[in-house]
Amino acid sequence: MSDKKRFALWVGTDTLDLVKLNYKGDNCKTQSEYIEKAIHFYTSYINATHAEAYLPRILADVLEGKLTVLGDRIGALLFKLSVEQAIADNILSYYTDMNMGTLKELRAKCAQDVMRTNGKISFEDALKFQKDL
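What counts and what doesn't
- All residue numbers refer to position in the chain's written sequence, counted from 1.
- Reporting in this predicted model follows two pLDDT cut-offs: at least 70 for local features of residues, and 80 or more for side-chain atom pairs to be given and counted; totals over whole chains, interfaces and linings ignore these cut-offs and use all residues.
- Neither water nor hydrogens contribute to the side-chain values; these are computed over all heavy atoms in the structure.
- Helix and strand assignments follow DSSP, with helices taken as H or I runs no shorter than four residues and strands as E runs no shorter than two, numbered in order from the N terminus.
- Our radius of gyration looks at C-alpha atoms and nothing else; its globule reference is 2.2 Å times the residue count to the power 0.38.
- Between Lys or Arg on one side and Asp or Glu on the other, a salt bridge is scored when a side-chain nitrogen of the former is within 4 Å of a carboxyl oxygen of the latter.
- Paired rings are identified among Phe, Tyr and Trp, the last through its six-membered ring, by centres lying within 6.5 Å, and are further divided according to the angle between planes into stacked (under 30 degrees), edge-to-face (over 60) and tilted (the rest).
- Remark: exposure states derive from per-residue accessible area (1.4 Å probe, protein chains only) relative to the maximum for the residue type, with buried under 20%, exposed over 50%, and partly exposed in between.
- A positively charged side chain is recorded as over a ring if its NZ (Lys) or CZ (Arg) lies within 6 Å of the ring centre. The angle to the ring normal must also be within 35 degrees.
- With axes taken as lines fitted to C-alpha atoms, and helix axes fitted only over the stretch in contact, angles between N-to-C directions fall between 0 and 180 degrees.
- Roughly parallel means an angle under 35 degrees; roughly antiparallel means over 145; roughly perpendicular covers 65 to 115; every other angle is labelled oblique.
- In this description, contact between two residues means that some pair of their heavy atoms is separated by no more than 4.5 Å.
- Classification used: nonpolar for Ala, Val, Leu, Ile, Met, Phe, Trp, Tyr, Cys and Pro, charged for Asp, Glu, Lys and Arg, polar for all others including Gly.

*Asks:* Just give me the short version of the overall build of the protein chain, but keep the residues and values in it.
*Replies:* Secondary structure summary: the protein chain contains five helices and zero strands in total. Each helix and strand of the protein chain, ordered N terminal to C terminal, gives the series α-α-α-α-α. Computed over C-alpha atoms, the radius of gyration of the protein chain comes to 30 Å, more than 25% over the 14 Å expected from 2.2 N^0.38 for 133 residues, which places it beyond the range of a compact globule. In terms of overall dimensions, the protein chain has C-alpha extents of about 85 × 30 × 30 Å along its principal axes.

Here it is, written out as structure tokens:
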């Protein structure tokens, strides 16, 4: 830990208000610690040779937060979609007279179609296949 020295620092009241408003949110114990971190960050940013030690960390933190939110949203939507698909599967299975062999053949054909078209299968395509249109 480096030695600490007291000195006079003149800043505008708006700047001091920013420090008071934000230092706890940055997990700083004191306003002085917040100002010291800000000085180190800004100096490294200006000197660019040291900026990579700070900017990638910040960028990584921002991206991780955004990707976490996106992942959670996609996960929730996939869960809802899976529930709806399970309902549709059960309704269709109840009213369909199909044996397991035919189901296996249909599953293999559908898997090939999805791979061949990168998942771009439409209901119209399925109807044409089923009705030999």
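*Asks:* Help me get a handle on unusual backbone geometry, residues and values and all.
*Replies:* Generally, phi is negative for residues other than glycine and the peptide bonds are trans, each holding for most cases. In this structure, asparagine 27 takes a positive phi of about 60 degrees despite not being glycine. Locating asparagine 27 in the fold gives a position in the loop between α1 (13–22) and α2 (31–47). For asparagine 118, which is not glycine, the phi dihedral falls at a positive 55 degrees. If you trace the backbone, asparagine 118 turns up in the loop between α4 (100–117) and α5 (123–131).

*Asks:* Pulling in residues and values, what's your account of the environment of glutamate 36?
*Replies:* Topologically, glutamate 36 is positioned in helix α2. Between the alpha carbons of glutamate 36 and valine 83 there is a distance of 52 Å; along the sequence they are 47 residues apart.

*Asks:* Got a sec to walk through the pattern of salt bridges? Specific residues and values, please.
*Replies:* One side chain can pair with another of opposite charge once the charged atoms of both are near each other. Counted according to the given criterion, the structure contains five salt bridges. The salt bridge involving aspartate 113 is made with lysine 109; its shortest N-O contact spans 2.2 Å. One end of the pair is aspartate 113 and the other is lysine 109, both in helix α4 and four residues apart, which spans about a single turn. Shared partners join several salt bridges into a network, and the residues in it are Lys109, Asp113 and Arg116.

*Asks:* Describe the packing of aromatic side chains, and please don't skip the residues or the numbers.
*Replies:* Pairs of aromatic rings are described using the distance from one ring centre to the other and the angle between the two planes. Going through the model one piece at a time under the given rule, you end up with one aromatic pair. Here tyrosine 94 and tyrosine 95 contribute two aromatic rings whose centre-to-centre distance is 4.9 Å and whose plane-to-plane angle is 85 degrees, an arrangement assigned as edge-to-face. Across the pair, tyrosine 95 and tyrosine 94 agree in class, each one exposed. In this structure, lysine 109 packs its charged tip against the face of phenylalanine 129, placed 4.2 Å from the ring centre.

*Asks:* Tell me about the packing of α1 against α2, residues and numbers included.
*Replies:* Each pair of packed helices can be summarised by the angle the axes make with each other and by the distance between the axes. At a minimum axis distance of 9 Å, the contact between α1 and α2 shows a crossing angle of 110 degrees. In terms of orientation, α1 and α2 fall into the roughly perpendicular class. Each of Leu16, Val19, Lys20 and Asn22 in α1 lies in contact with α2, whose residues at this interface are Gln31, Tyr34 and Ile35. In terms of residue class, the contact of α1 with α2 is built from four nonpolar, two polar and one charged.

What is shown is where atoms sit, not what they do.
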